[in-house]
Amino acid sequence: MTTEPAPPPLAESVDYIRSLGKESAADVLRRAAATGRVAVQPRCGVGGHDAMRALLGTLADQARPDLLTITIDSHTRLGHFAQARRLAHLSPRELNGYPLVAHGWRRGRELNELVGVPVQIRHGSPDARLMFEVAVASGITSFEGGGISYNLPYSKDVPLADSLAAWAEVDRRCGELAALGVTVDRELFGTLTAVLVPPSVSLAVSVLEGVLAARAGVRCLSVAYPQGGHLAQDVAALRAVPVLARRYLPAGVEVHPVLHEFMGVFPRERGNAEDLILYGALVARLGGASKLLTKTYQEAFGIPDAAANAEGLRLAQRANSPLLGFLAVDEGAAAEELAWVLAEVAELVEPVLAERDTAGAVVRAFAAGRLDIPFSASRHARSEVIPRRDPTGAIRILAPGRLPLSPETVRRHRAQLRLGDGPPDLTALHLELTADINYFPLLFGEHRPAPAPRAAAPEAGVRASA
Amino acid sequence: MTTEPAPPPLAESVDYIRSLGKESAADVLRRAAATGRVAVQPRCGVGGHDAMRALLGTLADQARPDLLTITIDSHTRLGHFAQARRLAHLSPRELNGYPLVAHGWRRGRELNELVGVPVQIRHGSPDARLMFEVAVASGITSFEGGGISYNLPYSKDVPLADSLAAWAEVDRRCGELAALGVTVDRELFGTLTAVLVPPSVSLAVSVLEGVLAARAGVRCLSVAYPQGGHLAQDVAALRAVPVLARRYLPAGVEVHPVLHEFMGVFPRERGNAEDLILYGALVARLGGASKLLTKTYQEAFGIPDAAANAEGLRLAQRANSPLLGFLAVDEGAAAEELAWVLAEVAELVEPVLAERDTAGAVVRAFAAGRLDIPFSASRHARSEVIPRRDPTGAIRILAPGRLPLSPETVRRHRAQLRLGDGPPDLTALHLELTADINYFPLLFGEHRPAPAPRAAAPEAGVRASA
Amino acid sequence: MQQHDAAPRVVILGVTASDAHAVANHLIAHALRGHGFTVVNLGTCTPVSEFAAACAAHPAAEAVIIGSVNGHALEDLRDLRDAKATGAIGCPVILGGNLSVGSTKDEGVHSRLYDLGVDRILEDPAELPGLLDEWRARRSAVWSRAAS
Amino acid sequence: MQQHDAAPRVVILGVTASDAHAVANHLIAHALRGHGFTVVNLGTCTPVSEFAAACAAHPAAEAVIIGSVNGHALEDLRDLRDAKATGAIGCPVILGGNLSVGSTKDEGVHSRLYDLGVDRILEDPAELPGLLDEWRARRSAVWSRAAS
Ligand code: B12
Ligand code: B12
C-alpha cells in the first residue's frame, strides 16, 4: 500500500466509467425489471486485496451473479481509516470486509475491471463522502446507504442531522454524475436493524430517504426490504415499493424493489439454512423484486467462504427457473397486507413530508419518537416501538411507542397479535421476543423453544405446525 | 476378488438382516408417507469396491439421503458376469455401475454396513435371480425391477415369458422372506424407456407387475413413475398410484408412489439442469410421492462424480422445506388428468386382468400390441404407440398403435395434440418427436429448435413462451 | 464389388453389446431411411459377432454404424479388432454416442477405439449421410481409376 | 471495597468499538435487569476508553460485560491490556459473541483475548448471572478471610 493519490476529477472518472464499456447496475436492474427476472447479488468482502480479487473471481466463475459487491469492513464504515489501513497491512484476515478507502481507488479500479458485471459498494457508513469519491474514482456507480438507514443501525452517536447532511452531499454528487450522463444506482438500506423490522417502518424510512435523494439529484433508487419470513407480508412489502414510488417520488426517478434474503438469526444446519435461502429467493420472484441479495449456509457462523457464497447464489438463482411459473401467493392475503402497509406508511411519512424542511423534520421526528425503529444501535432513535410475530409468523407492532399510527392501525396489530387490553408482561415479552428473533431456528427445530410465554400463546400458524 | 462362497441359507440372511438393526427401506417409505416428507435417494454405482465404499461414504456424509443405492453395471444387468468380473479386476473405472455379483455378497454386506440408511439395488436385469440372492445375502431388501419393466427397456431379445418367470421367482422369494418377517421393498420400474412415456402406459405396466408381484407374495411395492415435465399430469400420475392400488391390488400390500426426476434428455448447462432437478423434487412433493430418485447437473454428460451427486441430493431435499407449504398445483387440472389417466389404465389393464393366466395374458398382449411401449429396446414390444407433447408440454398419444384405448380416449389425445384427421406426415413427425425428446434443453434455449415442423404447430404453452 | 447408383444403399445399424439405449437408434434408423438408405437395424445389445453376421448377410452394406451411450464402448467393441482383421467386418465402421464412463471425458479413449478398428467417430448423427456420400464418391473414384 | 448485599449490583455492559450489532446487547441488558442488576449499558460501538470511563464513574461495578459479534474482538480490544494494567478497568471483564472473522473458528483467538486481559469468555448470555454470583461469593470468601 503506497500513498494514495487523490481521486481524479469527476469528469475524468466519468470518462473512465465510459471506457469500461460495462453495463451499469442501473442497466442490469432495468433489464431484470423488464424481463421479470430477479437479478442476483452476493455480499462479499475480505480484507486483503489479492484475497478480494480471488473472491470476486471465484464468485463470478462459479455462480455468475448479475452484480457483484465490495462489502466494506466495520472500521472503514465508522471512518476509522487508519485502523483499517493498519490491519489491511498487518493482518487483513482480521477484517470483516474490504477496506476500500485504505486500498484506494486504483485498486478499486482493478477489482472493477476484474469482473464483467457491475459492482456495488455495500457498507454502513453514517458519513460516506470519502468512500463515495473513492468508489466513483474506481468506476463504481452503485452505492448503498442513506442518512437514516446507514446511521441508526450502524453507529452509536452520530446525530441524524450530520448523517443526513453527509448523505445529501453524496446524493448531490449523484446528481452531478447524472448531469454528466452517469446514472448512479443508490440503494436505500430498508433492512435497518434487520431483526423483526415491521414492513411499514422499513418502507417509511426508505420513502423519506428516497424523497431526499431524489431532491438531491439521484435518478435510480433501489429500495431494499428485508425478508421477514411471512410470504404474503413480504410479497406485499415488495409490491408496495412501486406504489409508494408513484405516490411520493418524482416521476423521473427509476425505483427498484430489492429483497434482502432473511437478515435475522439464521438456522445453523446447512439444509435448514438452504431451505431459507431458497424460500427468500422465491419470495423475491413472487414479490417482483428487481434484485435479490443472497445469504449463505454459513450465515449463522461467520463471514462465508467463497465456495459457500457461490452455492448460496446458485441456489437463489433457481428462483428464476422457467419451470416455476406455477408458483403463486395467496393474492387475497397479499392484497390485504398491501393495503395495510400502504396505509401505515402514509401515517408515518405524511406528517414528516407535510413539513417544509424534510431533513429537519426527520431529525425532529426521530427525537420525538414519531419515527422510530426497533433495536436501534444508535441513541438517536428511541426504540420504543416493539415488534412481535403474530401466530402466522407475520411481523406486527406490539407497542407503537410514539409512532403516529392511527388507532385503527394500532387496534389491528393488537388484534393480529391476539392481545388483550392490559399492558404487556415484560418478562414474558422478553421470552416471546427472543422466540420471535429465533423464529427460523425454532421452526426448524434447532433449539428447544423458549419456555412457554405467559401471555396469549400463538395459535395456529407456521410455527405451531413445525 | 477371491472365489465367492455361495450365499448363505435364507434364514441365516434373515438373522443377519435383523442383526444390522437398521431401518428397512419399507420402514423409511412408511415413515415418509406418514409424515408427508419425500424420502430422497440417489443413483450411484462405480466399478471398484473401494471406489464404491468411498462413493457411499461421501454421499452419506455430504447429503444424508434417506436411502442409498447400489446401481449395477450393464454387463451384470445382462448376466455377463464373467465380463463384469474381468473388468472389476482389470479396469473397474470402465464399468458404469457396481458389479455386485462379481464382488459378491460379503462385499455387499460391507457396503451395507458402511451406511446407516437402507440400501437398494437398482439394475435392469431381465433375469435377476442370482442378483437377488446376492442382495439378500448382503442384507439388502430393497430391489428394483419387474418382468416387463426390466426386460423391454433393458434387453433386445429376452422373451417376456422368460423374464416374467424369472421375476416371479424373485417375487416368491420375497414372499418367503415376508413369512420370515422381512419385508422386501420391490420397486417397479414404471420409468420404462424413460423418453416420452405416456403416464397411462407407465402405470398400466406397474399395475400388471404389481398384481403379479402381490400374488407371488410381495408385501411392499414402490411404483415408480418418470417425471414427464408437465406439472398437473405428473402430479396426477403420482396421485393415481394409491387409487390404482386400491382398485387392482390386494389390501395387505403397501404401495408407495415414487417419482424419478426427469429421465429423458437433460439440459447441459448446470443452472438449467438444477432448475429441472428442483422442479422434479417439487413435483414429488405436490404429487405425494413417498420417495424421489434424484438426478445431477452432470446427467447430460455421464455418470456423475460424488460431489455432483451430493449436490443433486441436497437441491432435491429442498422440496421437503417446511417453508414451501404455499406451493400448490392447479387442482382442477390435476383432477382432470387424474380422471383421464385412471380411465386409460383401466382400458389397458382390464382386458389383460380379465384373462385367467395373467402372465400369459401379458405376453400375448405385448405380442399383439395390445400392450406396448414407445422406443422399446426389445423386439418383444412393438413400439407402435407414438407419443408426442401437446402445446402445454403434456405427453399425449399421437398414434395408439393397437392399444385397446376407447375411441373417446383416442379422440381426446388427438384433440389435445391439435391434430386433424389425416395420417401424420412422417418426416415432420420425426422432427417433432426429436423436439419433444429435447423438450427441456429447448425450453432453456440450449439448442436452436429443430426446423419448424410442417404439421400443426404448438400454440400457447410452456415451450412457446420459453 | 462394383455398385450401381440405382441399387438401394444398405447400411447396418446397431447399439453395442451391453447397451440397451434405444432412442438414438430408433431416430437414426428413421433419419437414414428418410435419406433413402436401406437400414438393417440390429437394435440394442448387439455384440460384434452379430454385426459381422449382418455383414455376411448384406455384402453390399456401405458401413456398419454403431451407437454406444452407456460408456462401455471399449469393452463392448473388444472383438472388433479380430472382426476387422479377419474381414468378418469388411466395410468401414462408424461409431457415435457417449463413449466412456463418467462426466469428464478422456480423449485417449478415441484413439483406443480407432486402434480397435473403428474408422470414424462422429458426434452428431446428422453427419452420417454426408460421410456416407463422401465415402461412396471416394470409392467410385478408386474404381474409375482402376477401370481406366 | 466491601459491598452490602442489599446494595444494587452494578454491571457495565457494551459492544466493542467497531461493532454496531445491537440486538444481543438489548436482550442481555433486559435479562440482567430482570435478574436485579443495575445495568450501565454503553450500547454499541464502545471503545475500551469508554468502558474505562464507566468504571471510574461506577466504582462498585462487579464486571464489565462486553459483546462482540462482528469478528473484530481482537482489534477492538487492543487497548484492554493497558486499561487492565493501569487499573483503569479494575473489575473483571467478561466477553462473549462471535469473536473472529470467518465461518470456521480458530480457538487460538481465545488465548490471545485472554492475553489482552479478558477474564472469561462465555458462549451463552444465560450463564452471566451464575458467573457473577459465583464471583461475588468468592469475593465474599476472600473478604471474610481478610476480616477474620
Ligand atoms: C433415457 C435414458 C435411459 C433409459 C433408456 C431407455 C432405452 N432403452 O432407450 C433407461 C432409463 C432405461 C436408461 C438406462 C441406463 N442408462 Co441411461 N440415459 C438415458 C438418458 C436420460 C437419455 C438417453 C436418450 O435417450 N437420449 C436421446 C437420444 C436421442 O440421444 P442419446 O442417446 O443421448 O444419443 C445422442 C448422442 O450420444 C449421439 N449418438 C447416439 N448414438 C449414436 C450413434 C452414432 C453413430 C452417432 C454418430 C451418434 C450417436 O447422438 C444422439 C443425439 O444427440 C441419458 C442422459 C441424457 N442424455 O440426458 C442417460 C445415460 C445415457 N444413461 C446412462 C447409463 C449409465 C445408463 C445405465 C447403465 C444405468 C446407470 N448405470 O446409470 C442404464 C443402461 C443399461 C444398459 N444395459 O445399457 C449414462 C451413460 C453414462 C456414461 N457414458 O458415462 C447417461 C449419460 C446418464 C448419466 N449421466 O449417467 N437410460
Ligand atoms: C442482524 C445482523 C446484522 C444487523 C445488525 C443490526 C443491529 N444494529 O443490531 C445489520 C444488518 C445492520 C448487520 C450488519 C453487519 N453485520 Co451482521 N449480522 C446480523 C445477524 C443476521 C443476526 C445478529 C443478531 O442480531 N442476532 C441475535 C442476537 C440475539 O444474537 P447474536 O448477536 O448472534 O449474539 C449471540 C451470541 O453471539 C452471544 N452473544 C452476543 N453478545 C454477547 C455478549 C456476551 C457477554 C455473551 C456471553 C454472549 C454474547 O449470545 C447471543 C445469543 O445467542 C448475524 C448472523 C446470524 N446470527 O444469523 C450477522 C453477523 C453477526 N453480522 C456480521 C457482519 C460481519 C456484519 C457487518 C460487519 C457486515 C458484513 N461485513 O457482513 C455489519 C456490521 C457493521 C458493524 N459496524 O458492526 C457477521 C459476523 C461475521 C464474523 N464474526 O465472522 C455475521 C455472523 C453474519 C455473517 N455470517 O457474516 N448485521
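Just so you know, these numbers come straight off a predicted model, no measurement behind them. (Residues numbered from 1 in each chain as written. Chains lettered and ligands numbered in written order. Predicted model: local features only at pLDDT ≥ 70, side-chain atom pairs only at ≥ 80, totals over all residues. Heavy atoms only, no water.)

Turning our attention to the overall build of chain A. Helix and strand counts for chain A stand at 19 helices and 10 strands. By the compact-globule yardstick of 23 Å for 466 residues, chain A fits well, its C-alpha radius of gyration being 21 Å. Here chain A holds 466 residues, and 62% of them are scored as buried. Sequence-distant contacts in chain A: of pairs separated by 6 or more residues, those separated by 24 or more amount to 74%. When the accessible surface of chain A is totalled, it reaches about 16000 Å², and 54% of it is carbon and sulfur. Taken together, the 49 basic and 51 acidic charged side chains of chain A have centroids lying 1 Å from each other. (Helix = DSSP H or I, 4+ residues; strand = E, 2+ residues; numbered from the N terminus. Rg over C-alpha atoms; globule rule 2.2 N^0.38 Å. Buried < 20%, exposed > 50% of the residue type's maximum accessible area, 1.4 Å probe, protein only. Contact = heavy atoms within 4.5 Å. Areas by Shrake-Rupley, 256 points an atom, 1.4 Å probe, with all protein chains shown as cover. Lys, Arg positive; Asp, Glu negative; His and termini not counted. Charge placed at Lys NZ, Arg CZ, Asp CG, Glu CD.)

Turning next to the relation of the copies chain B and chain A. Least-squares fitting of chain B to chain A yields an RMSD of 0.0 Å, with the superposition described by an axial translation of 0.0 Å and a rotation of 180°. Put plainly, the chains are arranged around a two-fold axis. In terms of C-alpha distance to the rotation axis, chain B has B:Leu327 as its closest residue, with the C-alpha 3.2 Å off the axis. (Least-squares fit on C-alpha atoms with pLDDT ≥ 70 in both.)

Take the side chain of B:Gln233 next. Along the chain, the position of B:Gln233 falls in helix H11 (residues 231-248). Ignoring sequence-local partners within four residues, the contact set of B:Gln233 consists of B:Pro199, B:Tyr225, B:Glu337, B:Ala394, B:Ile395 and B:Arg396.

Judged by nonpolar contacts, the single largest core of 250 residues is most densely connected at A:Phe366 and B:Phe366. Every residue in contact with B:Phe366, bar those within four places of it in the chain, is listed here: B:Ile148, B:Leu152, B:Leu160, B:Val205, B:Leu371, B:Asp372, B:Ile373, B:His380, B:Ala381 and B:Arg382. (Core = buried A, V, L, I, M, F, W, Y, C linked by side-chain atoms within 4.5 Å.)

Let us now look at the coordination of the cobalt atom of ligand 2. Of the protein atoms, D:His21 (NE2) alone serves as a donor to the cobalt atom of ligand 2, at 2.2 Å. Along the chain, the position of D:His21 falls in the loop between strand E1 (9-15) and helix H1 (23-34). (Donors = N, O, S within 2.8 Å, 3.2 Å for Na, K, Ca; no water.)

One pass over the structure, following the stated rule, counts zero disulfides over all chains. Left without a disulfide partner, C:Cys45 is nearest to the cysteine sulfur of C:Cys55, which lies 19 Å away. Owing to a relative accessible area of 11%, C:Cys45 belongs among the buried residues under this scheme. Cysteine D:Cys55 remains unbridged, with the sulfur of D:Cys91 as its closest cysteine sulfur at 4.2 Å. (Disulfide = S-S within 2.5 Å.)

Now for the environment of D:Lys105. Tracing the sequence through the fold places D:Lys105 in the loop between strand E4 (93-97) and helix H5 (108-116). Each C-alpha atom of the pair D:Lys105 and D:Asp79 lies 23 Å from the other, and the pair is 26 residues apart in sequence. A polar atom in the side chain of D:Lys105 sits 3.5 Å from the backbone oxygen of A:Phe301. A polar side-chain atom of D:Lys105 sits 2.5 Å from the main-chain carbonyl oxygen of D:Gly102. (Polar contact = N/O pair within 3.5 Å; in protein donor to acceptor, adjacent residues only side chain to side chain.)

This part covers helix H9 (residues 160-179) of chain A. Residues and elements named next belong to chain A. Taking 1.5 Å per residue, 20 residues should reach 28 Å; H9 reaches 28 Å between its end C-alpha atoms and fits that length. Within H9 the residues assigned to the buried category are Leu160, Ser163, Leu164, Ala166, Trp167, Val170, Asp171, Cys174, Gly175 and Leu177. Residues of H9 that are buried in the fold lie against helix H1 (10-20), helix H8 (129-137), strand E4 (142-144), strand E5 (185-188), helix H10 (199-216) and helix H15 (358-368). Once H9 finishes, Gly181 follows within two positions and takes phi at roughly 95°, a positive value. (Expected span 1.5 Å × (residues − 1).)

Another aspect to go through is the interface of chain D and chain A. Listed per partner, the contact involves 28 residues of chain D and 30 residues of chain A. Where chain D abuts chain A, roughly 2200 Å² becomes buried across the two surfaces, and 55% of that area is made up of carbon and sulfur atoms. Counting across the chain D and chain A interface gives three salt bridges. Of the charged contacts, one joins A:Lys156 and D:Glu50 as a salt bridge, the two residues approaching to 2.7 Å between their closest N and O atoms. The interface formed by chain D and chain A holds 20 residue pairs in polar contact (both at pLDDT 80 or more) in total. For the side of chain D that touches chain A, the secondary structure elements donating two or more residues are H1 and helix H3 (73-76) of chain D. When its residues are assigned to classes, the side of chain D that touches chain A shows 10 nonpolar, 12 polar and six charged. (Buried area = accessible area lost by both parts, 1.4 Å probe. Salt bridge = Lys/Arg side-chain N within 4 Å of Asp/Glu carboxyl O. Nonpolar A, V, L, I, M, F, W, Y, C, P; charged D, E, K, R; others polar.)

Counting residues at the interface gives 27 residues for chain B, matched by 26 residues for chain A. Where chain B abuts chain A, roughly 2200 Å² becomes buried across the two surfaces, and 69% of that area is made up of carbon and sulfur atoms. It is B:Arg318, B:Leu323 and B:Phe326 that lose the most area in chain B upon contact with chain A, and together they represent 32% of the buried surface on that side. Summed over the shared surface of chain B and chain A, the result is eight salt bridges. Ionic pairing is found between A:Glu274 and B:Arg318, a salt bridge with its closest N-O pair at 3.3 Å. Counting every contact that joins chain B to chain A gives six residue pairs in polar contact (both at pLDDT 80 or more). At nine residues, helix H12 (residues 270-287) of chain B tops the list of elements feeding residues into the side of chain B that touches chain A.

This part covers the side chain of A:Ser13. Position of A:Ser13 among the secondary structure elements: in helix H1. When neighbours within four sequence positions are excluded, A:Ser13 is seen to be in contact with A:Pro8, A:Arg109, A:Val136 and A:Ala137.

With that out of the way, let us pick up the site of ligand 1. If you check the shell around ligand 1, you find 45 residues, and the closest are B:Glu299, B:Gly302, C:Ser18, C:His21 and C:Ala22. At ligand 1, the nearby residues belong to more than one chain, namely chains B and C. Within the backbone of B:Gly302, one N or O atom sits 2.7 Å away from a nitrogen atom of ligand 1. In the model, an oxygen atom of ligand 1 is placed 3.3 Å from a nitrogen or oxygen of the C:Asn70 side chain. Elements that contribute at least two residues to the shell around ligand 1 include exactly helix H4 (74-77) of chain B together with helix H1 (23-34), strand E3 (63-68) and strand E4 (93-97) of chain C. It is H1(C) that provides the largest number of residues to the shell around ligand 1, a total of four residues. Split into classes, the residues belonging to the shell around ligand 1 amount to 23 nonpolar, 17 polar and five charged. (Near = heavy atom within 4 Å.)

With that settled, the discussion passes to the UniProt feature "domain: B12-binding" (unreviewed entry) in chain C. Mapped onto this structure's residue numbering, the UniProt feature "domain: B12-binding" (unreviewed entry) falls at residues 8-142 of chain C. Measuring from the first to the last C-alpha atom of residues 8-142 of chain C gives 20 Å, for a span that is 41% helix and 19% strand. (UniProt positions renumbered as here; feature names shortened; annotations may be inferred.)

Here we come to the site of ligand 2. By nearness alone, 44 residues border ligand 2, and A:Glu299, A:Gly302, D:Ser18, D:His21 and D:Ala22 come closest of all. Residues lining ligand 2 come from chains A and D. Side-chain polar atom of A:Ser74 to a nitrogen atom of ligand 2: 3.4 Å apart, as the coordinates give it. In this structure, A:Glu299 approaches ligand 2 through a main-chain N or O atom, which is 2.7 Å from a nitrogen atom. Looking at the shell around ligand 2, the elements that each hand over two or more residues are helix H4 (74-77) of chain A together with H1, strand E3 (63-68) and E4 of chain D. By residue number, the principal contributor to the shell around ligand 2 is H1(D), which donates four residues. Per-class residue counts for the shell around ligand 2 are 23 nonpolar, 16 polar and five charged.

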